[in-house]
Amino acid sequence: MAREFTRVGVVGLGTMGAGIVEVFARNGVDVTAVEISDAALERGRVTLTGSTDRAVAKGKLAEAERDALLARVDFRVGLDALHDVDLVIEAVPEHLDLKQRIFAELDRVCKPEAILATNTSSLSVTEISVATTRPNQVIGIHFFNPAPVMKLVEVVRTVVTSADVVADVEALCERLGKVDVTISDRAGFIANALLFGYLNHAVGMFEARYATREDIDAAMKLGCGLPMGPLALMDLIGLDTAYEILDTMYRRGGRDRRHAPAPLLKQMVTAGLLGRKSGRGFYTYERPGSPKVVPDEYTPLAADAALADGARAIAKVGVVGSGTMATGIIEVFAKAGYEVVSVTRGAEKSAKVCEAVKTSLNKGVVRGKLSETDRDEALGRITWSATLEHLADVDLVVEAVIEELSVKKALFASLDEICKPGVVLATTTSSLPVIDVAMATQRPADVVGLHFFNPAPIMPLVEIVQTIRTSAETSATARAVCAKLGKTGVVCGDRSGFIVNALLFPYLNDAVKMLEASYSTADDIDYAMKLGCGYPMGPFELLDVVGLDVSLAIQRELYLELREPGFAPAPLLEHLVTAGYLGRKSGRGFRDHTRR
Ligand SMILES: NC(=O)c1ccc[n+]([C@@H]2O[C@H](COP(=O)([O-])OP(=O)(O)OC[C@H]3O[C@@H](n4cnc5c(N)ncnc54)[C@H](O)[C@@H]3O)[C@@H](O)[C@H]2O)c1
């Protein structure tokens with residue numbers, strides 16, 4: 001018969017524990033909430049009341065419900081208070097010896113039938129379980145941060161966890177309104193195994209001054225639709241916790257260098273910069289525990305001040321190319337009030353692009369996003385041409401032709417001959433080194449990358465790629481142009497994948513490797529990232545949309561440039577591409593799209 005969980009215990013009321021208490025109490029379960037000292041207990045109580053008060057203020061919880069919720073929680077110091085609970089969830093810091101000590105103590109204190117669960121993110125549940133005399137009643141119940149919000153729970157079953165314990169915990173998760181995925185005991189389980197390499201990589205980018213913290217975070221939020229940027233997420237997780245998770249994953253997960261914690265992390269932890277909980281991490285917060293970021297010495301100047309910083313005046317823009325990106329970019333510039341000269345390789349192509357721009361603008365009118373006058377004026381600003389000579393008097397050229405270095409280099413050499421001095425020459429390449437096209441001209445200081453995202457009229461992000469030859473003036477101009485387009489321009493160096501692709505594709509590749517290793521299914525991995533981390537799409541959904549061939553090509557570039565063994569393309573990805581399973585566009589990728 002299934003167990004009843006009428007009273008549960010939570011040990012450790014930090015970032016996770018306080019949230020876990022809230023989840024249970026909100027769902028009518030009595031909780032004994034345990035801390036190590038009176039002061040820590042009080043902090044836990046303040047976190048819980050703060051969170052429930054915010055829920056009341058947002059209208060998500062009635063006052064009476066909050067009072068009932070808080071009345072269900074019994075705050076205590078010391079594990080002895082847990083003698084009558086049916087289940088304990090431990091959420092103390094991520095140290096194996098500490099957790100083992102606590103489990104040995106819980107084994108002594110708790111009634112024999114109680115289930116003992118750990119919320120560990122990366123430690124071995126099996127190793128924790130053997131500190132007790134009841135390893136078959138030990139399980140991992142891994143909640144996500146913030147626990148009251150995130151729907152996912154990873155249920156971690158060891159080789160000795162009883163089937164009935166697993167079944168009862170799964171039923172409990174359902175009762176709590178959560179979606180559970182049950183997996184075996186591997187470092188990082190599903191979500192963290194895929195997440196932490198990415199987070200650590202982002203810290204490495206920041207540490208190497210590849211881009212600012214604001215730009216790294218904005219890039220991932222706006223380029224991938226993530227709820228938070230990686231550095232803000234590190235602050236939410238807690239840098240001490242993140243350090244321990246990475247360190248454990250490095251040691252347990254095959255010494256993948258990508259999990260070796262970035263040196264900066266250790267320094268920050270040592271300096272007491274733990275993230276939100278200490279009031280300062282990558283960002284500075286109003287006070288410890290507050291989600292509100294306040295300006296500090298690293299906060300960039302207001303956009304306007306940066307723009308005054310030597311930007312050249314741009315009125316007329318040339319766009320070269322006739323594909324999806326060029327079409328979108330023409331529309332973006334024309335709508336923002338720039339005179340646009342579109343150059344394609346022939347009248348027929350120009351007619352096609354013109355038709356596509358018209359169709360897209362008309363859609364804007366139908367959807368009420370654009371007036372008919374705005375549409376007509378935007379179209380009136382575009383000149384259609386099939387010769388580069390028409391770019392003689394533009395102030396900025398944006399190149400969006402085929403992704404082949406020889407073609408781009410030849411084009412830039414021609415632009416160098418045709419365009420007037422002082423013109424900014426931009427490439428939208430997503431994978432080629434910008435410096436290569438810059439050096440095809442006699443004016444590399446005027447060359448910059450402007451990496452738009454598809455569809456350009458909708459995606460709010462542009463990566464501004466500075467080469468080692470790009471002048472400050474050119475960069476400032478690019479930033480000013482992005483601002484006028486209503487886009488967020490993030491500035492980064494000229495490295496393979498820039499910010500977004502360099503952080504995104506290795507994560508997707510890791511998901512393929514996880515599937516290949518039969519650790520979990522594509523559905524569960526997709527669920528884990530959507531419901532545990534708030535991603536708009538799971539990795540396999542996204543791979544099928546982006547195209548497996550495109551993803552493989554980007555991953556190969558990253559691997560070739562950075563020689564990072566962990567970036568080697570997943571063999572399964574290569575095989576699917578060879579088999580012609582390219583994703584939605586071919587009807588089949590990781591999933592079959594012909595039957596949907
Ligand atoms: N932070 C996250 O985003 C996150 C997400 C999921 C899981 N986890 C996991 O949850 C666990 C807790 O992490 P956290 O971020 O909440 O840590 P935290 O540092 O915020 O909180 C840990 C709490 O445990 C208390 N504690 C320490 N020793 C204790 C003892 N002997 N008895 C009772 N309480 C004790 C501390 O006083 C502190 O309040 C870790 O295993 C972590 O890996 C963390």
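These lines cover the structure that appears in this document, whether it is placed above or below. (Residues numbered from 1 in each chain as written. Predicted model: local features only at pLDDT ≥ 70, side-chain atom pairs only at ≥ 80, totals over all residues. Heavy atoms only, no water.)

The helix and strand tally for the protein stands at 23 helices and 18 strands. Against the compact-globule benchmark of 25 Å for 596 residues, the protein has a radius of gyration of 27 Å, which places it among compact chains. Taking the principal axes of its C-alpha atoms as reference, the protein extends roughly 85 × 50 × 45 Å. Of all 596 residues assigned to the protein, the portion counted as buried reaches 54%. For the protein, the proportion of contacts with a sequence separation of at least 24, taken over those separated by at least 6, is 70%. Total accessible area computed for the protein in this model is approximately 25000 Å², and 53% of it derives from carbon and sulfur atoms. Taken as two groups, the 66 positive and 76 negative side-chain charges of the protein have centres that lie 2 Å from each other. (Helix = DSSP H or I, 4+ residues; strand = E, 2+ residues; numbered from the N terminus. Rg over C-alpha atoms; globule rule 2.2 N^0.38 Å. Buried < 20%, exposed > 50% of the residue type's maximum accessible area, 1.4 Å probe, protein only. Contact = heavy atoms within 4.5 Å. Areas by Shrake-Rupley, 256 points an atom, 1.4 Å probe, with all protein chains shown as cover. Lys, Arg positive; Asp, Glu negative; His and termini not counted. Charge placed at Lys NZ, Arg CZ, Asp CG, Glu CD.)

Here the focus is the sheet that holds strand β2 (residues 30-35). Spatial strand order, β3-β2-β1-β4-β5-β6-β7-β8: 8 strands in an open sheet with mixed pairing. Two strands bound the open sheet, and with one partner strand each, they are β3 (73-77) and β8 (179-184). Across the sheet, the mean angle separating the axes of adjacent strands is 25 degrees when strand polarity is ignored. (Pairing = 2+ DSSP bridges. Axes fitted to C-alpha atoms, helices over the stretch in contact; angles between N-to-C directions.)

This paragraph deals with the sheet that holds strand β17 (residues 461-466). Reading across from one edge, β13-β12-β11-β14-β15-β16-β17-β18 is the order of the 8 strands in this open sheet, with mixed pairing throughout. Edge positions in the sheet fall to β13 (382-385) and β18 (488-493), since each has one partner strand and no second. Ignoring which end each strand starts from, the neighbouring axes of this sheet average 25 degrees apart. Where strand β14 (residues 396-399) lies against strand β15 (residues 424-427), 4 bridges are found, and the strand directions are parallel. When the sheet's bridge partners are listed, L396 is paired in β15 with V424.

A contiguous patch of positive charge, built from R54, K58, K60 and R287, is present on the exposed surface. Mapping R287 onto the fold places it in the loop between β9 (284-285) and β10 (293-294). (Patch = residues over 30% accessible without salt bridge, like charges linked within 9 Å, V, L, I, M, F, W, Y side chains within 5 Å. Salt bridge = Lys/Arg side-chain N within 4 Å of Asp/Glu carboxyl O.)

Now for the packing of helix α19 (residues 500-516) against helix α21 (residues 539-546). Relative orientation of the contacting elements α19 and α21 amounts to 115 degrees, with a least axis distance of 10 Å. As α19 runs across α21, the sense of the crossing is left-handed. Facing α19, whose interface residues are L504, F505, Y507, L508, A511, V512 and L515, α21 presents P539, F540, L542, L543 and V546. Its residues assigned to classes, the contact of α19 with α21 comprises 12 nonpolar, no polar and no charged. (Left-handed = near helix turned anticlockwise from the far one by under 90°. Nonpolar A, V, L, I, M, F, W, Y, C, P; charged D, E, K, R; others polar.)

Near the ligand, the surroundings consist of 24 residues, among which M16, E35, E94, K99 and S121 are the closest. In this structure, an oxygen atom belonging to the ligand sits 2.8 Å away from a main-chain N or O atom of M16. Breaking the shell around the ligand down by element, the ones donating at least two residues are α1 (15-26), α4 (96-109) and β6 (138-143). Classifying every residue of the shell around the ligand by side-chain character gives 11 nonpolar, 9 polar and 4 charged. (Near = heavy atom within 4 Å. Polar contact = N/O pair within 3.5 Å; in protein donor to acceptor, adjacent residues only side chain to side chain.)

As a further point, take the pairing of β15. A two-sided burial pattern is seen for β15, the buried positions comprising V424 and A426 on one face and L425 and T427 on the other. As a crossover connection, the stretch from β14 through helix α16 (residues 405-418) into β15 is right-handed. (Right-handed = clockwise from strand over helix to strand, strands pointing away.)

The next subject is the side chain of D185. Position of D185 among the secondary structure elements: in the loop between β8 and α7 (191-207). On the accessibility criterion, D185 (17% relative accessible area) is buried. Engagement of the side chain of D185 in a polar contact is seen with the side chain of S124, the distance being 3.3 Å. One polar contact links D185 to T126, side chain to side chain, over a distance of 2.5 Å.

Now for the pattern of salt bridges. Two side chains of opposite charge can pair, provided their charged atoms sit close to one another. One pass over the structure, following the stated rule, counts 39 salt bridges. Across the pair D185 and R252 runs a salt bridge, and its minimum N-O distance is 3.7 Å. Here D185, found in the loop between β8 and α7, pairs with R252, found in helix α10 (residues 239-252); they are 67 residues apart in sequence, far enough to count as distant. For D416, the salt bridge goes to R443, with nearest N and O atoms at 2.7 Å. One end of the pair, D416, is in helix α16; the other, R443, is in the loop between α17 (434-438) and β16 (447-452), with 27 residues separating them in the sequence.

Summed over the entire model, instances satisfying the criterion amount to 6 aromatic pairs. For the pair F24 and F143, a centre-to-centre distance of 6.4 Å together with 70 degrees between the ring planes defines the contact as edge-to-face. In this pair, F24 sits in helix α1 while F143 sits in strand β6, placing the two residues 119 residues apart along the sequence. For the pair shown, F24 and F143 are each scored as buried. (Phe/Tyr/Trp six-rings, centres within 6.5 Å; stacked < 30°, edge-to-face > 60°.)

On to the layout of surface pockets. If a probe as big as a water molecule is rolled over the atoms, it shows which places are left empty. Approximately 1300 Å³ is the volume attributed to the second largest pocket. Per-element tally for the lining of the second largest pocket: the top contributor is α19, with 6 residues. Across the lining of the second largest pocket, the residue classes break down as 28 nonpolar, 12 polar and 3 charged. (1 Å grid on protein atoms, 1.4 Å probe; cavity = no way out; pocket = protein on both sides within 12 Å on 5 of 7 lines; lining within 4 Å. Points joined across faces, edges and corners; volume = space filled by probe spheres on them.)

L82 and L106 are the most contacted members of the largest nonpolar core, which totals 118 residues. Among the nonpolar cores identified, the runner-up in size contains 38 residues, and F24, F75, V155 and L172 belong to it. (Core = buried A, V, L, I, M, F, W, Y, C linked by side-chain atoms within 4.5 Å.)

Mapped onto the secondary structure, L379 falls in helix α15 (residues 372-380). Taking the C-alpha atoms as reference, L379 lies 30 Å from A410; in sequence the two are 31 residues apart. Those residues within four positions of L379 in sequence are excluded, and the remaining contacts are V357, K358 and L361.

Over its 15 residues, helix α22 (residues 548-562) runs 21 Å from end to end, which matches the ideal 21 Å to within 8%, given 1.5 Å per residue. Residues L548, S551, L552, I554, Q555 and L558 constitute the buried set of α22. In a view along the axis of α22, the buried residues occupy a sector of 165 degrees, so they form one face of it. On its buried face, α22 is in contact with α19, α21 and α23 (571-578). One or two residues past the end of α22 sits R563, with phi positive at roughly 50 degrees. (Expected span 1.5 Å × (residues − 1). Arc of directions from axis to C-beta.)

Moving on: empty space enclosed by the protein. For the structure shown, the criterion picks out 3 cavities of 30 Å³ or more. The volume enclosed by the largest cavity comes to roughly 60 Å³. Looking at the lining of the largest cavity residue by residue, the classes come out as 6 nonpolar, 2 polar and 2 charged.

Put simply, N145 and P146 share a cis peptide bond, and its omega is -5 degrees. Residue position: P146 is located in the loop between β6 and β7 (152-157). Omega for the bond connecting N454 with P455 falls within 30 degrees of zero, at -5 degrees, which places this linkage in the cis form. With respect to the secondary-structure elements, P455 resides in the loop between β16 and β17. One non-glycine residue with positive phi stands out, namely F498, at about 50 degrees. Following the sequence through the fold, F498 ends up in the loop between β18 and α19. A relative accessible area of 2% places F498 in the buried class. At S518, a residue that is not glycine, the phi angle is positive and equals roughly 60 degrees. Within the secondary structure, S518 sits in the loop between α19 and α20 (522-533).

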